[in-house]
Amino acid sequence: IYLESLIMAGNYYYYGLQEDAPFNEFTQYIVRKPYAWLVERVPNINNLFYIFSNLINDHNGFIVGGYIRRVIQSGDALQFQNADLDIMFQSRDGFEGAINYINQGNLVSFNPPDIQEISDSRFVYNWDLISITNGIPNIKLQLIRREADSTENILSNSDFTNAKIATNLNEVIIDNRYENFESNKIINIDQVQPTILQRLLKYLYSESDVSAGEPFKLNDSSASKLLTWVGSRIT
């Protein structure tokens, strides 16, 4: 069943499908690792995650994508180059419970955020959280509802392999090609999506990479996919 409207917020598009993250050819690459794998790479990760742990533990959310990628690069949970902290939910109850938790001012490390009214047709909520706690930075928080049978299916439907990493604070869900592409500073496109150009700039650019003279780049197959997609829209 389709909803009538296409909803766009932040970096994500939602078409209102009954299941908008189905199994696909890339799901086979998604594996699970112990949470210790992430802690080894970012020793202070729990210093930030504990602030949002109720959203994960009580409302069945999981942190996904760019924030985790950036802190693995820096090795510091507080050095994430302004990446959004994206928390995704597979159920409506968990999603709405998390929104209510924030609306009630329970994120006490930050100024009380604006109250946002819950709507059945809305799949993304954003807050610019202003820190009032020493050592905790301001955070761009984004809550996302995505219908899927599993976290694996959600990750497999991402555009970049480099975005396919998530945690529920018990384990890490990750594409098994992720580390190879990241260590070789390659962005790999699995599938082209409407917001890819905006997202590509974020994934290619990193202040630390530029200062080190080692920017990320697209591999040949990804460049071909991108050019084919762009060409079909300007011809």
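A brief structural summary. (Residues numbered from 1 in each chain as written. Predicted model: local features only at pLDDT ≥ 70, side-chain atom pairs only at ≥ 80, totals over all residues. Heavy atoms only, no water.)

### Digging into the pairing of strand 9 (residues 171–175)
In terms of burial, strand 9 is largely enclosed, as four of its five residues are buried. In this structure, strand 3 (residues 30–34) lies alongside strand 9, joined through five bridges in antiparallel fashion. From the neighbouring strand, Lys 33 faces strand 9, where its bridge partner is Val 172. Note: strand 8 (residues 165–167) against strand 9, three bridges, orientation antiparallel. (Buried < 20%, exposed > 50% of the residue type's maximum accessible area, 1.4 Å probe, protein only. Helix = DSSP H or I, 4+ residues; strand = E, 2+ residues; numbered from the N terminus. Pairing = 2+ DSSP bridges.)

### Focus on helix 4 (residues 66–74)
A turn of α-helix holds 3.6 residues, and therefore any two residues three or four places apart point the same way. Counted residue by residue, helix 4 has seven buried out of nine residues, so it is predominantly covered. Listed in full, the buried residues belonging to helix 4 are Gly 66, Tyr 67, Ile 68, Arg 69, Arg 70, Val 71 and Ile 72. Of the residues trailing helix 4, Gly 75 is marked for its positive phi of about 75 degrees.

### Observations regarding the sheet that holds strand 7 (residues 139–145)
Here seven strands make up an open sheet; going across it, the order is 3-9-8-4-5-7-6 and the pairing mixed. Lying at the two open borders of the sheet, with one neighbouring strand each, are strand 3 and strand 6 (124–129). Ignoring which end each strand starts from, the neighbouring axes of this sheet average 25 degrees apart. The strands that helix 4 touches are strand 4 (61–64), strand 5 (85–89) and strand 8; relative to strand 8, the one it contacts most, it runs at about 95 degrees. (Axes fitted to C-alpha atoms, helices over the stretch in contact; angles between N-to-C directions. Contact = heavy atoms within 4.5 Å.)

### With respect to the packing of aromatic side chains
Counted by the stated rule, this structure contains seven aromatic pairs. Each ring, one from Phe 89 and one from Phe 95, has its centre 6.0 Å from the other, and the planes form 50 degrees; the classification is tilted. Taking the relative accessible area as the measure of exposure, Phe 95 reaches 3% and is therefore buried. A connected cluster of aromatic rings, assembled from ring pairs, spans Phe 89, Phe 95, Tyr 125 and Trp 127. Sitting over the ring of Phe 216, Arg 69 keeps its end group 4.7 Å from the ring centre. Sitting over the ring of Tyr 29, Arg 177 keeps its end group 4.1 Å from the ring centre. (Phe/Tyr/Trp six-rings, centres within 6.5 Å; stacked < 30°, edge-to-face > 60°. Lys NZ or Arg CZ within 6 Å of the ring centre and 35° of its normal.)

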